[in-house]
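As a plain string of letters, each chain reads:
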Amino acid sequence: MSVLSHIDGKGEAAMVDVAGKAETERTAIAEGWLVTARETLALIEDGAIAKGDVLAAARIAGIMAAKRTAELIPLCHPLSLTKVSVGFDLRPERPGVRVEALAKATGKTGVEMEALTAVSVACLTLYDMLKAADKTMVIDGVRLLKKTGGRSSGGF
């Protein structure tokens, strides 16, 4: 089992010291799903949600959330993000919305939490805006797909 990086020698929570790490360009891609009823997906496709453009609102919410990740996740380093994008893929076969987020920064620590936060908040925003139309929705499969930069780069 690997050592937990956010626990010090006394077993107490501690922020990781990244001072000795090299600054590299770091990226992370995460995904998540909002599983919906087929009728709900049709409402999204038709732009027929009374609250407005749910995808635009969720995109903005995801980007804003990524920028505030360090305020939400204890011991997470505040980062100067150079790019955050949030995209959507409407999938009738599941049915639902696949959400993908990319976070990018040049720094001493990775941007995985920012990408995961963007996906999570985008899914939560979709859920909030669609809950009147669909009581069966499920947020599912939030996960990191890929990261680059730093010591442990690669796909997952």
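Below is a summary of the structure that appears in this document.

**What about the overall build of the chain?**
In step 1: A tally of helices and strands in the chain yields 4 helices and 5 strands.
In step 2: Sequence-ordered secondary structure for the chain, helices as α and strands as β, is β-α-α-α-β-β-α-β-β.
In step 3: When its C-alpha atoms are laid out on the principal axes, the chain stretches across 50 × 30 × 25 Å.
In step 4: For the chain, the proportion of its 156 residues judged to be buried stands at 37%.
In step 5: Put simply, 73% of the contacts in the chain that link residues at least 6 apart link residues at least 24 apart.
In step 6: Split by element, the accessible area of the chain, about 8,800 Å² in all, is 56% carbon and sulfur.
In step 7: Between the centroid of the 20 positive side chains of the chain and the centroid of its 19 negative side chains there is a distance of 4 Å.

**Description of a nonpolar patch on the surface**
In step 1: Taken together, L124, Y127, I139 and V142 make up a surface patch of nonpolar side chains, about 310 Å² in accessible area.
In step 2: Considering the arrangement of structural elements, one finds V142 in strand β4 (residues 138-148).
In step 3: Here V142 falls in the partly exposed class, since its relative accessible area comes to 36%.

Reading the values: rules and limits
Residue indices begin from 1 for each chain and proceed along its sequence in written order. Owing to the predicted nature of the model, reporting of local features is limited to residues with pLDDT of at least 70; listing and counting of side-chain atom pairs is limited to 80 or more, with chain, interface and lining totals taken over all residues. Just so you know, side-chain values use all the structure's heavy atoms and leave hydrogens and water out. The secondary structure listing takes helices from DSSP runs of H or I that are at least 4 residues long and strands from runs of E that are at least 2 residues long, numbered from the N terminus. Categorising residues by exposure relies on relative accessible area from a 1.4 Å probe, with only protein chains included: less than 20% of the type maximum marks a residue as buried, more than 50% marks it as exposed, and the intermediate range marks it as partly exposed. Any pair of residues with heavy atoms lying within 4.5 Å of one another is described as a contacting pair. To be clear on the numbers: accessible area is Shrake-Rupley with a 1.4 Å probe, and residue cover counts the displayed protein chains and nothing else. In this tally Asp and Glu are treated as negative and Lys and Arg as positive; neither His nor the chain ends contributes. Positions of charges follow a simple convention, taking NZ of Lys, CZ of Arg, CG of Asp or CD of Glu. Without a salt bridge and with relative accessible area above 30%, a residue can belong to a patch; like charges are then joined within 9 Å and nonpolar side chains (Val, Leu, Ile, Met, Phe, Trp, Tyr) within 5 Å. Think of a salt bridge as a Lys or Arg side-chain nitrogen and an Asp or Glu carboxyl oxygen that are within 4 Å of each other.

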